[in-house]
Amino acid sequence: MLYREAGQFKTNYFADQAVFPIRQDRIGVAIILLLAFVAIPLYGSNFLLQAVVIPFLIYSLASIGLNLLTGYTGLLSLGTGAFMGVGAYACYKLTSLFPGVNILIWMICSGFVAAAVGVVFGLPSLRIKGFYLAIATLAAQFFLQWCFVRIPWLVNYNVSNAIEVPQRMLGDIVITGPNASLHTRYFTVLIIVVAMTWIASNIVHGRIGRMWMAVRDQDIAAELMGIRLLRTKLLAFAVSSFYCGVAGAMLVFLWYGGAEAETFNINQSFFVLFMVIIGGLGSLLGSYLGAALIFGLPILLRLLPDALGVPMHSATIEHMSFLIVGGLIIIFLIVEPHGLARLWQITKQKLRVWPFPY
Amino acid sequence: MRLKALMVGAVLAATAGAPAFVTAASAQDSIYVPLFSYRTGPFAGSGIPIANGMHDYLDMLNARDGGIGGVKLAIEECETGYDTKKGVECYESTKAKSPVITNPYSTGITLQLIPKAAVDKIPVLSMAYGLSASAVGESFPWVFNPPATYWDGLSIIMKHIAQKEGGFDKLKGKTIGFIFFDGGYGREPIPLLEQFAKKYGFETKLYPVPAAEMQNQSAQWLNVRRDKPAWMIMWGWGAMNPTAVREAARTNYPMDKFIGIWWSGGEDDARPAGEGGKGYLTLNFHGVGSNYPALKDIEKHVLGKSQTQKDKFAENLYNRGVYNSVLIAEAITNAQKITGKKAVTGADVRRGLETLNITEARWKELGLPGFGAPVTNVTCADHNGHHAAYVQQWDGQKWVKITDWITPMKEEVRPLLEAAAKDYVEKNTGWPKRTEPCDKK
C-alpha cells in the first residue's frame, strides 16, 4: 500500500539507471543515514557504539570486500583475515615510519598494500577455480599469518609481538589511540564505510561490475565476449583486498587499539565468509545484513537472559548462543539459500502488492 | 511463507529492541568485580579451573565475611572464549557498571586494555601474563602483573638447571631446547634465553609450535630426538601442554629434564601421559591441594553451589584462580584502608594494588599459610615485584614441590623490562606521563 511505485514516472535514462529507482527506497536510505549520523551518536550508549555499531560497520566493510570477490566475481577466498591483517600491519608500519602524515591517508594507503598482496595471491585464480582456489587462498592466509608472527620488523620489534596503536591527530582532534573519543572514532568509521560503500556500489553497477558478473556466470563466455580474464580477476582481487585491508586497518586502529597476529587467523576469514554467505552473495545490502546477523545476533543473545532477569552462567549463555546462532544459520540457509538479501527482495515484492496479493 | 514473515518480523523486532537492553545499573552498596573467563573454546581446559578458583574464593568471602570490609562483592563472569573480540565486548559491557578491577586472562585482551585502563580509571591485573614491560609502574601506572614476569620465570628455570648441573659454568657447551607456543606469549622469553646462552656459553635450539598444530607436535619432537638437548624448556598453553608431555614421553625424553613455565603445569597437562609423564617439572608460585584453612572454607561455604566439580577442587590451576582472587581481595582491602571508604572505586583499587603487601604473616591471616611467597616487592615503580617461584614435579598422581622458593635474577630481567617499557612509550607518541601520586606502604 505504502510501498508502491505507481505514479513515479521516469522521464530520462539517468533516472531509470538510478541505484534506488523507487522513491520509498530513497527515503528509507535517507532515514538509515539519519539514524546512523544523528540518532545513534546522540542517544546510543557507549556499549552500543563501542561493542556493537563500530565493529558492525567494520565487518560490513570487510564483507563488502569479500563479496566483491566471492559474490560478484565468483572467486572463493579464505584469505580475508590475512588481507585484513596486511592492511593493519601496513598501516602500523606506515604510520610509525612517517608519523607526520595523517593517519586517514595511511589507512587508505594500507588498502593499496593489501591490494598488491591480494593481486599476488590472486594470480593462481586464472588457472584454478572453485574449491581449488579456496585452497590457494588458504595458503595466503597461512603464509601471511606466518609472516605476522615471524617478522619482528612488522611489529617494530615489540617483545610481546603485538601492535599498539599510537595516538594520531586530525587537526586538533585525536582520532586514534586510547585518548580518541568514542564519537570521533565512530564518525571516522562511519564516514569511511559509507563512502566506500558508495564507491563499491558505483563499481558493481558500472562496467567493471558487469565484467565481474560476466566472469562469475560463465568465464569462458565472458572471455569470448572480449573480457580479459586475467585482468578482470586480478582487479577483483585487488579491489576486494583493498576493502579488506582498509577494514583491517580500521579494526585495529579505530576499534581494538592493538592487535596480535592471532587476531587475523583463519577464524577471522571464516567469520567474514559466513557474513557474505548468510547475507547474500552478490549484494551490498547482504554484506550489511550478514554482518548484522553474524556479529550482532550473538551479542543480542548474550544480553537477553540478563534483560529478562533469568539468572544464567555466562558459559551457559555462550553455549546457548552457539546453538541458537548455528541453528538459525541452518534455518536461514534452508528457507532462503540466497541469503538475507534475497529474503529482503522477496519481502519487497510482497509489500508491493500488499494488502491485495494476486 | 508465514514462517519467513515470522522470522523477518522476529529479526526486525530484535534489532529494534536491542538498545533497550543496553542499560546498566550501578549499585553503590557493593563492589563490582567482573571476571573475564573462558569456559568455552579451545582453551577451556585451562580456563575452567581458573575461573572456578577465582569465582569460588570471592564467593567464599561473600558467604563467610559478608564481602570485604562489610561490603558485598558483586561478582560477574563474562565469557571471552579466549577471543579478543569478545574480550573487548566484555570490557565495554562491564565498564558501565564501574568495575574496580579487570582480569583479562588473555594476553591478547590485556594488550587491548592497557591503553584504556588509564583513560577509564580501571586498573588491569594481568597476573603473571600480559605485557612484561607493564611491570614498569612509571610508564604503566594502571597495569599490574605480579607476582613474576615470564622473564623472571625463565631466569628461575635457568637457576634450577644450573643448580642441577652443578653451577652456571657447567652449562658451557650444553644444548638447551626451547619448545614454545608460536605467538607473542611463547616468543617473549627468547631474547633473554639468547642472552643467557651467550653469557653462559650454551647452545639453544628453538622448536616453535604453531597455534594450528598444537595437538600435533611429532615433527618438533623428532627434531628433539635428533638434537638431544640436555634440557627442554616449555612455554605452552591449552592443548599444547598435554600434547608436548605425551610426545616427550613417547620419544623417551628424560622427563626430569623437561621443565615448563607455570602456565604449563595443570594436572590435565601431565595426567594424559600416564606413567610416561612421571618426573615432568614445571614452575609454580602457589601451593597445590586443599590443605589450607581458606580452601576448607571454600569447601564449606561454596563447593556444591558453584560450578566447580568436586574432584577438580584445589587442583593446580584452580588454586591459581584462588591466588588471583587473593590479590584482588587484598587490593580492595588496601584501598579501603587508604581511602577510608567502603565502596571503593577503580582509582582506589589502583592505589591498593600499588601498596600490595602480603607478608608471610598476612598469608597466614588469610588462612593460606605458605600458599604463596610473600608478595612484598610491589611498589609504585615496580608493578611486578619479581617474586619467587618453586619447581614442582609430577609424580604420576599429583604435583609435588621439589625445591624451595627460588628468587628470579632481577638484575638480568629488570634492565630488559625498562628498555621494553621505554621502547613502548617512545613508539606510542602521546603516551601519558604518570600523574598518579604514590602512596606509602
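Each value, and the rule that gives it
Residues numbered from 1 in each chain as written. Chains lettered and ligands numbered in written order. Predicted model: local features only at pLDDT ≥ 70, side-chain atom pairs only at ≥ 80, totals over all residues. Heavy atoms only, no water. pLDDT = per-residue confidence, 0-100. Helix = DSSP H or I, 4+ residues; strand = E, 2+ residues; numbered from the N terminus. Phe/Tyr/Trp six-rings, centres within 6.5 Å; stacked < 30°, edge-to-face > 60°. Buried < 20%, exposed > 50% of the residue type's maximum accessible area, 1.4 Å probe, protein only. Lys NZ or Arg CZ within 6 Å of the ring centre and 35° of its normal. Contact = heavy atoms within 4.5 Å. Buried area = accessible area lost by both parts, 1.4 Å probe. Salt bridge = Lys/Arg side-chain N within 4 Å of Asp/Glu carboxyl O. Polar contact = N/O pair within 3.5 Å; in protein donor to acceptor, adjacent residues only side chain to side chain. Pairing = 2+ DSSP bridges. Axes fitted to C-alpha atoms, helices over the stretch in contact; angles between N-to-C directions. Expected span 1.5 Å × (residues − 1). Patch = residues over 30% accessible without salt bridge, like charges linked within 9 Å, V, L, I, M, F, W, Y side chains within 5 Å. Areas by Shrake-Rupley, 256 points an atom, 1.4 Å probe, with all protein chains shown as cover. Disulfide = S-S within 2.5 Å.

Undergrad: For this particular structure, what's the right way to read the confidence of the model for chain A?
TA: Interpretation of the predicted coordinates at a detailed level should be avoided for regions scoring low in pLDDT. Chain-level statistics for chain A give a pLDDT mean of 91 and a share of 100% at 70 or above. Mean pLDDT in chain A bottoms out at strand S4 (residues 258-259) of chain A, which sits at 82, and peaks at helix H4 (residues 80-97) of chain A, which reaches 96.

Undergrad: Please explain the packing of aromatic side chains as it appears in this structure.
TA: Throughout the structure, instances matching the rule amount to 43 aromatic pairs over all chains. Each ring, one from Tyr129 of chain B and one from Trp263 of chain B, has its centre 6.1 Å from the other, and the planes form 65°; the classification is edge-to-face. Here Trp263 of chain B lies in the loop between strand S8 (258-260) and helix H10 (267-270) and Tyr129 of chain B lies in the loop between strand S3 (124-125) and strand S4 (143-144), a separation of 134 residues in the sequence. Their ring planes at 50° and their centres at 5.1 Å tell us that Phe258 of chain B and Tyr280 of chain B sit as a pair that is tilted. Residue Phe258 of chain B is located in strand S8, and its partner Tyr280 of chain B is located in the loop between H10 and strand S9 (281-284); the two are separated by 22 residues in the primary sequence. What makes Phe258 of chain B buried here is its relative accessible area of 0%. The class for Tyr280 of chain B is buried, based on a relative accessible area of 0%. Each residue in the set Trp221, Tyr253, Phe258, Tyr280, Trp394 and Trp399 of chain B is aromatic and connected to the rest through ring pairs, giving one cluster. The aromatic ring of Trp153 of chain A is capped on one face by Lys93 of chain A, whose charged end is 4.2 Å from the ring centroid.

Undergrad: I keep staring at the interface of chain A and chain B and nothing clicks. Help me out?
TA: Interface size is commonly expressed as the accessible surface area that is lost when the partners come together. Contact with chain A, which involves 52 residues of that partner, is made by 50 residues of chain B. Summing the contributions of chain A and of chain B, the shared interface buries around 4,400 Å²; its carbon and sulfur component is 64%. Looking at the side of chain A facing chain B, the largest losses of area belong to Val159, Glu164 and Tyr256 of chain A, adding up to 14% of the total buried there. Here chain A and chain B share three salt bridges between them. Seen at the junction of chain A and chain B, the total is six residue pairs in polar contact (both at pLDDT 80 or more). Looking at the side of chain A that touches chain B, the elements with two or more residues in it are helix H3 (46-72), helix H6 (130-150), helix H10 (229-256), S4, helix H11 (266-279), helix H12 (284-308), helix H13 (314-335) and helix H14 (339-353) of chain A.

Undergrad: What should I look at first to understand the side chain of Glu315 of chain B in this one?
TA: Residues and elements named next belong to chain B. Turning to its location among the elements, Glu315 is positioned in the loop between helix H11 (293-301) and helix H12 (316-339). Take Glu315: its relative accessible area is 13%, and that puts it in the buried class. Of the polar contacts made by the side chain of Glu315, one reaches the side chain of Arg271; its length is 2.8 Å. In this structure, Glu315 is in contact with Glu267 and Arg271, ignoring residues within four places of it in sequence.

Undergrad: Where do I start with the sheet that holds strand S7 (residues 231-235) of chain B in this structure?
TA: Across a sheet, paired strands are connected by hydrogen bonds in the backbone, their directions being either parallel or antiparallel. Residues and elements named next belong to chain B. Judged by pairing direction, the sheet is mixed, and its seven strands sit side by side in the order S6-S5-S7-S8-S9-S10-S11 without closing on themselves. Either end of the sheet is taken by a strand with one partner, and the two such strands are strand S6 (203-209) and strand S11 (399-401). Within this sheet the neighbouring strands show an average axis-to-axis angle of 30°, counted without direction. Here two bridges tie S8 to S9, and the two strands are oriented parallel to one another. Note that in S9 the partner of Gly260 across the bridge is Thr282. Lying on the sheet, helix H5 (residues 150-165) is in contact with strand S5 (175-181), S7, S8, S9 and strand S10 (390-394); it crosses S7 at an angle near 165°.

Undergrad: What's the story with H4 of chain A in this structure? I'm lost.
TA: Structural remark: α-helix, 3.6 residues per turn; residues separated by three or four positions point the same way. Compared with an ideal rise of 1.5 Å per residue, which puts 18 residues at 26 Å, H4 of chain A spans 26 Å between its outermost C-alpha atoms and is within 8% of the ideal. In terms of burial, H4 of chain A is largely enclosed, as 16 of its 18 residues are buried.

Undergrad: Could you clarify how one ought to interpret the environment of Lys228 of chain B in this entry?
TA: Residues and elements named next belong to chain B. As for its placement among the helices and strands, Lys228 is situated in the loop between helix H8 (218-227) and S7. Residue classification places Lys228 among the exposed residues on the basis of a relative accessible area of 65%. When the C-alpha positions of Lys228 and His286 are compared, they lie 32 Å apart, and in sequence the two are 58 residues distant.

Undergrad: Explain a nonpolar patch on the surface to me, please; I cannot follow it from the model alone.
TA: Together, Leu97, Phe98, Val101, Ile105, Ile151, Trp153 and Tyr157 of chain A make up a nonpolar patch on the protein surface, roughly 690 Å² of accessible area in all. Here Tyr157 of chain A shows up in the loop between H6 and strand S1 (163-164).

Undergrad: Please explain unusual backbone geometry as it appears in this structure.
TA: Glycine aside, residues mostly have negative phi angles, and peptide bonds mostly take the trans form. Look at the link from Trp354 of chain A to Pro355 of chain A: it is a cis peptide, with omega at 5°. Inspection of the secondary structure puts Pro355 of chain A in the segment after H14. Even without glycine at this site, Asn156 of chain A takes up a positive phi of about 55°. Tracing the backbone shows Asn156 of chain A in the loop between H6 and S1. We note that His386 of chain B has phi near 50°; this positive angle belongs to a residue other than glycine. Among the structural elements, His386 of chain B can be located in the loop between helix H14 (360-365) and S10. Residue His386 of chain B is classed as buried on the basis of its relative accessible area of 5%.

Undergrad: Looking at this model, I keep getting lost on the state of the cysteines. Mind explaining?
TA: Every disulfide links exactly two cysteines, by a covalent bond between their sulfur atoms. Per the counting criterion, the structure on display carries two disulfides over all chains. Between the sulfur of Cys380 of chain B and that of Cys438 of chain B lies a disulfide, 1.9 Å long from S to S. Disulfide Cys380 of chain B-Cys438 of chain B: the torsion about the S-S bond is 90°, which places it as right-handed. Pair noted here: Cys380 of chain B is in the loop between H14 and S10 and Cys438 of chain B is in the segment after helix H15 (410-427), with a separation of 58 residues, a long-range link. When the bonded cysteines of chain B are numbered from the N-terminus onward, they pair as 1-2, 3-4. With no disulfide of its own, Cys109 of chain A has Cys91 of chain A as its nearest cysteine by sulfur position, at a separation of 8.9 Å.

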